[in-house]
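A structural walkthrough
Given next are the chains, with one letter for each unit.
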Amino acid sequence: MRMITVKINGQEVEADLLNPAITKKFEDGFDAVLKKYNEAAMCKRGSEGIQAQCEAVVDYVAGIFGAGAARKIFGEETDLLTCMDVLEEMQNVYPGQVNPIIKERAAMLEQRLGASAGDKGDGLQR
C-alpha cells in the first residue's frame, strides 16, 4: 500500500489514493456530498441546512483521510465557507495533485523500459 500525501486547506494529509476501493469511495463520497447539499436546501431553518452541509463535507474528508486528518484540515470548529473551500480542493485532488505523480512515474517507467529495449533490440537485459 502506497500512501500519497496531498495538501488540503493548507494541511498535508495522506491516504492510499490509488487503491481502487479508496478511489471509488472518493468518487461516491463526492456525489453523496452533492446530494446532501441539495437536500439541505430543503431544511426549514438555515442553521440546520448549514450544519447538514458541513457535516457532509467533514464526513467525506474523514472517510478518505481519517478523523484525525479531518480535524487537522478543519480545526476544532468549521463554517460553511471553509467546508465549501475544502470541497472544491477535494474536487481538484486527483487532477491537481495525484495525476501529476502518476504521469511522472509513467514517464520514468517509459524511459527505463525504452532504455532497456534499446540495449539489444529485443527488450531483454543481458
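Above this text is the structure in question.
Now for a look at the structure at hand. Keep in mind that this is a model prediction, so the values were computed, not measured. For every chain, the first residue of its written sequence is number 1, and the numbers climb from 1 along that sequence. Given that this is a predicted model, residues contribute local features only at a pLDDT of at least 70 and side-chain atom pairs are listed and counted only at 80 or more, while totals for whole chains, interfaces and linings are drawn from all residues. Based on all heavy atoms of the structure, the side-chain values leave hydrogens and waters out of the count.

1. Some words on the pairing of strand S1 (residues 4-8)
Side-chain alternation along S1 places Ile4, Val6 and Ile8 on a buried face and Thr5 and Lys7 on a face that remains uncovered. At least two DSSP bridges between two strands are needed for those strands to be called paired. Secondary structure elements follow DSSP: runs of H or I of four or more residues count as helices, runs of E of two or more count as strands, with numbering from the N terminus. As paired elements, S1 and strand S2 (residues 11-15) share five bridges and run antiparallel to each other. Within S2, the residue paired with Lys7 across the bridge is Glu12. Adjacent in sequence and paired antiparallel, S1 and S2 are bridged by two residues, among which Asn9 carries a positive phi angle near 55 degrees. Burial classes: relative accessible area under 20% of the type maximum marks a residue as buried, over 50% as exposed, and values in between as partly exposed (1.4 Å probe, protein chains only).

2. Overview of unusual backbone geometry
Positive phi, normally seen in glycine, also occurs at Asn9, with a value near 55 degrees. Its place among the elements puts Asn9 in the loop between S1 and S2. On the accessibility criterion, Asn9 (31% relative accessible area) is partly exposed.

3. Points about the pattern of salt bridges
Within this document, salt bridges are pairs made up of a side-chain nitrogen of Lys or Arg and a carboxyl oxygen of Asp or Glu, the two lying within 4 Å of each other. The tally for this structure, following the rule as stated, stands at one salt bridge. Asp28 is the partner of Lys24 in a salt bridge, and the nearest nitrogen-oxygen pair spans 2.7 Å. Taken together, the residues span about one helical turn, with Lys24 and Asp28 both in helix H1 (residues 20-40) at a distance of four residues.

4. Description of the packing of helix H2 (residues 46-65) against helix H3 (residues 67-74)
The interhelical angle for the contact between H2 and H3, taken along N-to-C directions, is 130 degrees, at an axis separation of 7 Å. Considering their axes alone, H2 and H3 lie oblique with respect to each other. Classified by chirality, the crossing of H3 by H2 is right-handed. Contact with H2, carried on its side by Val57, Val58, Val61, Ala62 and Phe65, involves Ala67, Ala69, Ala70, Ile73 and Phe74 of H3 and no other residues of that element. Under this grouping Gly is polar, as are all residues other than the nonpolar Ala, Val, Leu, Ile, Met, Phe, Trp, Tyr, Cys and Pro and the charged Asp, Glu, Lys and Arg. Residues belonging to the contact of H2 with H3 are distributed by class as follows: ten nonpolar, no polar and no charged. Helix axes are fitted to C-alpha atoms over the stretch in contact, other axes to C-alpha atoms as well, and angles between N-to-C directions run from 0 to 180 degrees. Each angle is binned into one of four classes, with values under 35 degrees roughly parallel, values over 145 roughly antiparallel, values of 65 to 115 roughly perpendicular, and all other values oblique. With the far helix as reference, a near helix turned anticlockwise by less than a right angle produces a left-handed crossing, and one turned clockwise produces a right-handed crossing. Residues are treated as being in contact if the distance between any of their heavy atoms lies within 4.5 Å.

5. Regarding the environment of Glu14
As for its position among the elements, Glu14 is in strand S2. Classification of Glu14 as partly exposed rests on a relative accessible area of 41%. Separated by ten residues in sequence, Glu14 and Ile4 have C-alpha atoms that sit 5.3 Å apart. Setting aside anything within four residues of it in sequence, one finds Glu14 in contact with Met3, Ile4, Thr5 and Phe65.

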